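Spelled out, the chains give:
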There are 2 protein chains.
Amino acid sequence: MHRTVFFISDGTGITAESFGQSLLAQFDHITFDRRTLPYIDTPEKAQEVAHHIDTHCTETGIVPLVFSTIVDETIGKIIARAKAKHYDIFATFTKSLEQELHIHSAHSIGRKRQIDSNALYSERIGAVHYALNNDDGARTNHYDKADIILIGVSRCGKTPTCLYLAMQFGIRAANYPITEEDLEDFHLPEPLRAHRDKLFGLTIEAERLVAIRTERRANSRYSSLRQCNMEIAEVERLLTKERIPHIDTTHFSIEEISTRIIASAGIERRLK
Amino acid sequence: MHRTVFFISDGTGITAESFGQSLLAQFDHITFDRRTLPYIDTPEKAQEVAHHIDTHCTETGIVPLVFSTIVDETIGKIIARAKAKHYDIFATFTKSLEQELHIHSAHSIGRKRQIDSNALYSERIGAVHYALNNDDGARTNHYDKADIILIGVSRCGKTPTCLYLAMQFGIRAANYPITEEDLEDFHLPEPLRAHRDKLFGLTIEAERLVAIRTERRANSRYSSLRQCNMEIAEVERLLTKERIPHIDTTHFSIEEISTRIIASAGIERRLK
């Protein structure tokens, strides 16, 4: 079964997508054909979109779903007249919030922009550059400035997690790959010892690691099950021995790994 | 005026935050003290949270706001009993969606995880590594694999935008900094010429660039208003002359820059 879904916003469309996807994820057995239409911020563009939806509905004979986050009331009303089943966050909740807060909402587009004020922008970009400069053990002399240092075998998810922590939460995350040489003497690598309280381990199932490493270097020792098994087992022993908190990344998305680390390590976000 | 807000989820909490923040951004004059409580995925944790909210309400004498995305009905009901003004995406929309789709929702936690299936994970991580390897003009021999190549002066926002495009949408984005040397002969730098159709320019206001560069290297020629003005003017002339589409990043967040580039350049997302 197919159903067309439109995510419509007068801004980036990211909230409309996130809200719609979360709801749709509950419905198996239906294939959703998704289209995001961001920056529908004038009555003209709204009319065009409404016309497009009407045409789609007439041509297919199936009413599409619309998930929208439209702040401007005029634009919202134009979209709402289109032949679709509408789910609109703002129309649904704003009135109730106005009553609760005893205040009128601004009903203006681009409000979210304020969260990217200059100071926060710097914090965020600073964290992204921190992650880039302290990726993959490249430098170890800036760990005093780290909020967290991720450790684990090559390709267990450290780099994307550090970047996500930086981008989404402004957290300064470094990462250090535990290599075979590090495992030889079964001690914490020297550059990490002074920062034990910032260490967090990532582990992964061997089969998954083989698949990821194979994409990078097929039929190599690096991507062999034997090698992956060995590295993972030794890193896990090290993490346990040193009592370093850790999570298994195998079945988690980058978002899940990142938010679980924050919850588990109890670190503070710098962006709120 | 202060008001406490809880974002509560049985998953990462990212949708609850995004949904709540979008709504709250419409209300000026109120300072919201925000707390995100992710992974509230057992009745026990839910009871703890409900108790925490009740205590907060009693102690402060002010009813807090709760924005939640709770899939599990039992957990949702426990949270809903807490003394707060509740805004719950699932409770609000799921019944209507079930009727519209003639199907019951799964009501199970962690559904969103399916979007991070192995193939999509590879696509996403591949794009992140592509952005890292092709950042800042480091390599120019993989531009045939790029979906887009961002160009502009140093520190106009190219790197974080490329990383965001990769992480959020799986788009392979390279970036190339236009330097003074490049501007001398007023032509497109040689490595870019074969990829004209993939080029997208970022510009920025000089005052903003001065502020960003000053954080990196204060009181230098690099961060002087004169130098910033000159570089920006020349890059803008080049972009206009070569008819390369471009946007001014000054007043936009990374999310806005990224989604506007996608809309303007008409590139396809690889993650849906």
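Residues numbered from 1 in each chain as written. Chains lettered and ligands numbered in written order. Predicted model: local features only at pLDDT ≥ 70, side-chain atom pairs only at ≥ 80, totals over all residues.

Draft legend 1. Just the overall build of chain A, in detail. Of the regular secondary structure elements, chain A holds 11 helices and 8 strands. For chain A, the C-alpha atoms occupy an extent of roughly 70 × 45 × 30 Å along the three principal directions. Residues classed as buried in chain A amount to 44% of the 272 residues present. For chain A, long-range pairs separated by at least 24 residues make up 69% of all intrachain contacts whose partners lie at least 6 apart in sequence. (Helix = DSSP H or I, 4+ residues; strand = E, 2+ residues; numbered from the N terminus. Buried ≥ 20, exposed ≤ 12 C-beta atoms within 10 Å, placed from the backbone. Contact = placed C-beta atoms within 7 Å.)

Draft legend 2. Summary view of the interface of chain B and chain A. Opposite the 55 residues of chain B that make contact, chain A presents 55 residues. Mapped by element, the contributors of at least two residues to the side of chain B that touches chain A are α1 (14-24), β4 (85-88), α4 (89-101), α5 (118-133), α6 (158-169), α9 (206-216) and α11 (254-265) of chain B. Taken together, the residues of the side of chain B that touches chain A sort by class into 24 nonpolar, 18 polar and 13 charged. (Nonpolar A, V, L, I, M, F, W, Y, C, P; charged D, E, K, R; others polar.)

Draft legend 3. Expanded view of helix α5 (residues 118-133) of chain A. Between its terminal C-alpha atoms α5(A) stretches 22 Å, which fits the 22 Å expected from 16 residues at 1.5 Å a residue. Residues A:Y121, A:R124, A:I125, A:A127, A:V128, A:Y130 and A:A131 constitute the buried set of α5(A). Taken together, the buried residues of α5(A) touch α6 (158-169) and β6 (173-177) of chain A together with α6 of chain B. (Expected span 1.5 Å × (residues − 1).)

Draft legend 4. Expanded view of the sheet that holds strand β1 (residues 2-9) of chain B. Residues and elements named next belong to chain B. Reading across from one edge, β2-β1-β3-β4 is the order of the 4 strands in this open sheet, with parallel pairing throughout. Looking at which strands have only one partner, the edges of the open sheet turn out to be β2 (31-37) and β4. Adjacent strand axes in the sheet meet at a mean angle of 20°, parallel and antiparallel pairs treated alike. Note: β1 against β2, 7 bridges, orientation parallel. For I8, the partnering residue across the bridge sits in β2 and is L37. (Pairing = 2+ DSSP bridges. Axes fitted to C-alpha atoms, helices over the stretch in contact; angles between N-to-C directions.)

Draft legend 5. Looking closely at the sheet that holds strand β2 (residues 31-37) of chain A. Residues and elements named next belong to chain A. With parallel pairing, the 4 strands of this open sheet are ordered in space as β2-β1-β3-β4. Two strands in the sheet have a free side with no partner beyond their single neighbour: β2 and β4 (85-88). Direction aside, the axes of adjacent strands within the sheet are offset by 20° on average. Relative to strand β3 (residues 65-69), strand β1 (residues 2-9) runs parallel, the two being bridged by 5 bridges. Bridge pairing in β3 places F6 opposite V66. Against the sheet, helix α4 (residues 89-101) makes contact with β3 and β4, and its axis sits at roughly 45° relative to β4, the strand it touches most.

Draft legend 6. Structural view of the pairing of β3(A). Residues and elements named next belong to chain A. By the criterion of burial, β3 is predominantly enclosed, with 5 of the 5 residues buried. The two faces of β3 match: L65, F67 and T69 on one face and V66 and S68 on the other face are all buried. Note that β3 and β4 share 4 bridges and pair parallel. Its bridge partner being in β4, L65 is matched across the sheet by K85. The parallel pair β3 and β4, bridged by helix α3 (residues 73-80), forms a crossover whose chirality is right-handed. (Right-handed = clockwise from strand over helix to strand, strands pointing away.)

Draft legend 7. Representation of the nonpolar core in the model. If you look at the biggest cluster of nonpolar residues, it comprises 82 residues, and the most contacted ones within it are A:L163, A:A166, A:A173, B:L163, B:A166 and B:A173. Those residues within four positions of B:A166 in sequence are excluded, and the remaining contacts are B:A127, B:V128, B:Y130, B:A131, B:I171, B:R172 and B:A173. (Core = buried A, V, L, I, M, F, W, Y, C linked by C-beta atoms within 7 Å.)

Draft legend 8. Layout of the relation of the copies chain B and chain A. Expressed as a screw transformation, the operator carrying chain B onto chain A has a rotation angle of 180° and an axial translation of 0.0 Å, and the superposed copies differ by an RMSD of 0.0 Å. Here the symmetry operator amounts to a two-fold rotation axis. Nearest to the rotation axis, the C-alpha of B:F19 is located 3.4 Å from it, this being the minimum over chain B. (Least-squares fit on C-alpha atoms with pLDDT ≥ 70 in both.)

Draft legend 9. Examining the domain arrangement of chain A more closely. Domain annotation for chain A reports domain 1 (2-114) and domain 2 (117-265). Each of domain 1 of chain A and domain 2 of chain A has a C-alpha centre, and the two are 38 Å apart. (Domains from an automatic or database assignment.)

Draft legend 10. Seen up close, unusual backbone geometry. Residues and elements named next belong to chain A. One non-glycine residue, H29, adopts positive backbone phi at about 65°. Within the fold, H29 resides in the loop between α1 (14-24) and β2. You will see that D136, though not glycine, has its phi angle at about 60°, which is positive. Among the secondary structure elements, D136 is positioned in the loop between α5 and β5 (148-152). Among the residues examined, D136 registers 14 C-beta atoms within 10 Å and is labelled partly exposed.

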